[in-house]
Amino acid sequence: MLGKLIGGVIAAVCAAGAALAQDTWYPSKYGAADTLGAVNNLSPEAVKRAAGLVKTGKIYALGIPTGPDAPVYGERKYTAEAIWSPPAGQAPLGENKVTAFDEKVTTSMGIGTQMDGLAHLGIDRRHYNGLKADDLAKEGFRKLDIAAIPPIVTRGVLLDMRKHFGKPLAAGHAFTKGDIQAVLKAQKLTVGKGDVVLLHTGWMADKLASDRKTFQDSEPGLGLEAAIWLADQGVVAIGADTIALEAIPFENPNRPFVVHQTLLAKKGVHVLENVNVGPLAADGVTEFLFVLGQPRFQGTVQVVINPVAIR
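Residues numbered from 1 in each chain as written. Predicted model: local features only at pLDDT ≥ 70, side-chain atom pairs only at ≥ 80, totals over all residues. Heavy atoms only, no water.

Participant: Which residues make up the packing of helix α8 (residues 224-232) against helix α9 (residues 258-267), and what are the values?
Facilitator: Two elements in contact, α8 and α9, have axes separated by 9 Å at closest approach and are oriented at 20°. Classified by the angle between their axes, α8 and α9 sit roughly parallel to one another. In the crossing of α8 with α9, the sense of the turn from one axis to the other is right-handed. The residues of α9 that touch α8, namely those facing Leu224, Ala227, Ile228, Ala231 and Asp232, are Val258, Val259, Thr262, Leu263 and Lys267. When its residues are assigned to classes, the contact of α8 with α9 shows seven nonpolar, one polar and two charged. (Axes fitted to C-alpha atoms, helices over the stretch in contact; angles between N-to-C directions. Helix = DSSP H or I, 4+ residues; strand = E, 2+ residues; numbered from the N terminus. Parallel < 35°, antiparallel > 145°, perpendicular 65-115°, else oblique. Left-handed = near helix turned anticlockwise from the far one by under 90°. Contact = heavy atoms within 4.5 Å. Nonpolar A, V, L, I, M, F, W, Y, C, P; charged D, E, K, R; others polar.)

Shown next, in the form of structure tokens:
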């Protein structure tokens, strides 16, 4: 009896230890000092392979215009103010009468088409590689700096989820690993190390112009199982034509933004939002050269972007 009791205790301790190990998400597999995450999977060889996908030279701007009417999550705002030079009422400069405008822009960097940096979402005040929120904020986010991310030039893969399901998708529809794998099979593609994966849900085309509130408050999107699987393939970034990539309402209402937490904090995979992939889908494009040289604003945790696809 005692032996059985001891054995049961040992088994329970081992199970608890296994569970704890499973929940341990740092240090990163890219090294305890790493600050780039899956961007480490980029390579010159991958760039050369991706360049080989260019057959027609057609270019797609994947960013939407950024302004007061750009889609935003929550209460983020954008304003632009004209600055006169010389000030209004003063004479122009020189005999050639020089006049000019500058501008003052006040905005969140998480507006319109955007990239979430690794300091954006964390888990219990810890972010990618276990970095503490207090330390990141005190240092101006230098350790997970948007400005330190190298240009992302690689193979892009478009997964046409709208075409796969054959109908408009409902808010809260969470794509599973099986869904992603089925679309890849239908498109005769695989995803792997260094790729950028974009999802076409049709939500932007269906809702942005006609029902902005619905577009900003809910969406079909990536489920947790699918996010983990894609990240484990070595992809650098995952994006969609929605405001927050993951399904809203959330798969589990008690676990909001768990896909963001998983990709950014645990896996070091960047999240791209409000990506205008509709024209790619309309042209039947499924893989392409993806180019992103994000603005290098220091001290930000996200940034407005205009990625480019070239087929």
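Participant: Can you explain the pattern of salt bridges? Please cite residues and give values.
Facilitator: A complete count under the given rule lists seven salt bridges for this structure. The salt bridge partner of Asp195 is Arg155, with a shortest N-O separation of 2.7 Å. Here Asp195 is found in the loop between α5 (177-186) and β7 (196-200), whereas its partner Arg155 is found in strand β5 (residues 152-160), with 40 residues between them in sequence. Of the residues examined, Arg155 reaches a relative accessible area of 16% and is grouped as buried. Across the salt bridge formed by Asp283 and Arg311, the nearest N and O atoms sit 3.9 Å from each other. Residue Asp283 is found in the loop between α10 (278-282) and β11 (287-292), and its partner Arg311 is found in the segment after β13 (308-310); the two are separated by 28 residues along the sequence. Through salt bridges that share partners, Lys58, Asp283 and Arg311 make up one connected network. (Salt bridge = Lys/Arg side-chain N within 4 Å of Asp/Glu carboxyl O. Buried < 20%, exposed > 50% of the residue type's maximum accessible area, 1.4 Å probe, protein only.)

Participant: Tell me about the confidence of the model for the protein chain, and name the residues and values.
Facilitator: Within the protein chain, residue pLDDT values average 93, and 93% of them lie at 70 or more. For the stretch residues 1-22, pLDDT sits under 50, and the model shows zero contacts to residues farther than four places along the chain or on other chains. (pLDDT = per-residue confidence, 0-100.)

Participant: Can you lay out the pairing of β7 for me, pointing to particular residues and giving the numbers?
Facilitator: Counting buried residues along β7, five of its five residues qualify, which places the element largely inside the surrounding structure. Across the two faces of β7 the burial is the same, with Val196, Leu198 and His200 and Val197 and Leu199 all buried. In terms of strand pairing, β5 meets β7 through five bridges, oriented parallel. Directly across from Val157, in β7, lies its bridge partner Val197. For β7 and strand β9 (residues 237-240), the ladder comprises four bridges, and the chain directions are parallel. Each bridged residue has a counterpart across the sheet, and for Leu198 the counterpart in β9 is Gly239. (Pairing = 2+ DSSP bridges.)

Participant: Lay out the side chain of Arg155 with the relevant residues and their values.
Facilitator: Within polar-contact distance, the side chain of Arg155 engages the backbone oxygen of Thr190 at 3.0 Å. Not counting residues within four places of it along the chain, the set of residues in contact with Arg155 comprises Ala50, Leu53, Leu189, Thr190, Val191, Asp195, Val196, Glu287, Phe288 and Phe290. (Polar contact = N/O pair within 3.5 Å; in protein donor to acceptor, adjacent residues only side chain to side chain.)

Participant: Kindly report on the packing of α5 against α8, identifying the contributing residues and their values.
Facilitator: Interaxial distance between α5 and α8 falls to 7 Å at its minimum, and their mutual angle equals 55°. Judged on the interaxial angle alone, α8 and α5 are oblique. Every residue of α8 that contacts α5 at Lys177, Ile180, Gln181 and Leu184 is listed here: Glu225, Ala226, Trp229 and Leu230. Partitioned by chemical class, the residues of the contact of α5 with α8 number five nonpolar, one polar and two charged.

Participant: Hey, could you go over the environment of Val304 for me, with residue numbers and the actual values?
Facilitator: Within the fold, Val304 resides in strand β12 (residues 302-304). On the basis of relative accessible area, Val304 is assigned to the buried category, the value being 18%. Expressed as a C-alpha distance, the spacing of Val304 and Met115, which sit 189 residues apart in the sequence, is 6.5 Å. Leaving out residues up to four positions away in the same chain, Val304 has contacts with Thr66, Met109, Ile111, Thr113, Gln114 and Pro295.

Participant: For unusual backbone geometry, give the residues involved together with the corresponding values.
Facilitator: The linkage connecting Ser85 with the following residue, Pro86, adopts the cis geometry, with an omega of -10°. Positionally, Pro86 belongs in the loop between β2 (78-85) and β3 (100-107). Omega for the bond connecting Ile248 with Pro249 falls within 30 degrees of zero, at 0°, which places this linkage in the cis form. With respect to the secondary-structure elements, Pro249 resides in the loop between β9 and α9. Backbone geometry at Phe257 places phi at a positive 55°, although glycine is not the residue there.

Participant: Got a sec to walk through the packing of aromatic side chains? Specific residues and values, please.
Facilitator: This structure, assessed with the given rule, holds five aromatic pairs. Ring geometry for Trp25 and Tyr26: centres 4.8 Å apart, planes at 80°, overall edge-to-face. For Trp25, a relative accessible area of 15% corresponds to the buried category. For Tyr26, a relative accessible area of 31% translates into the label partly exposed. Plain terms: the ring middles of Trp84 and Phe101 are 4.8 Å apart, the flat faces sit at 65° to each other, and that makes the pair edge-to-face. In this pair, Trp84 is assigned in strand β2 and Phe101 in strand β3, connecting sequence segments 17 residues apart. (Phe/Tyr/Trp six-rings, centres within 6.5 Å; stacked < 30°, edge-to-face > 60°.)

Participant: Tell me about α8, and name the residues and values.
Facilitator: Here α8 has its buried residues at Leu224, Ala226, Ala227, Trp229, Leu230 and Ala231. At the C-terminal side of α8, Gly234 shows a positive phi close to 95°.

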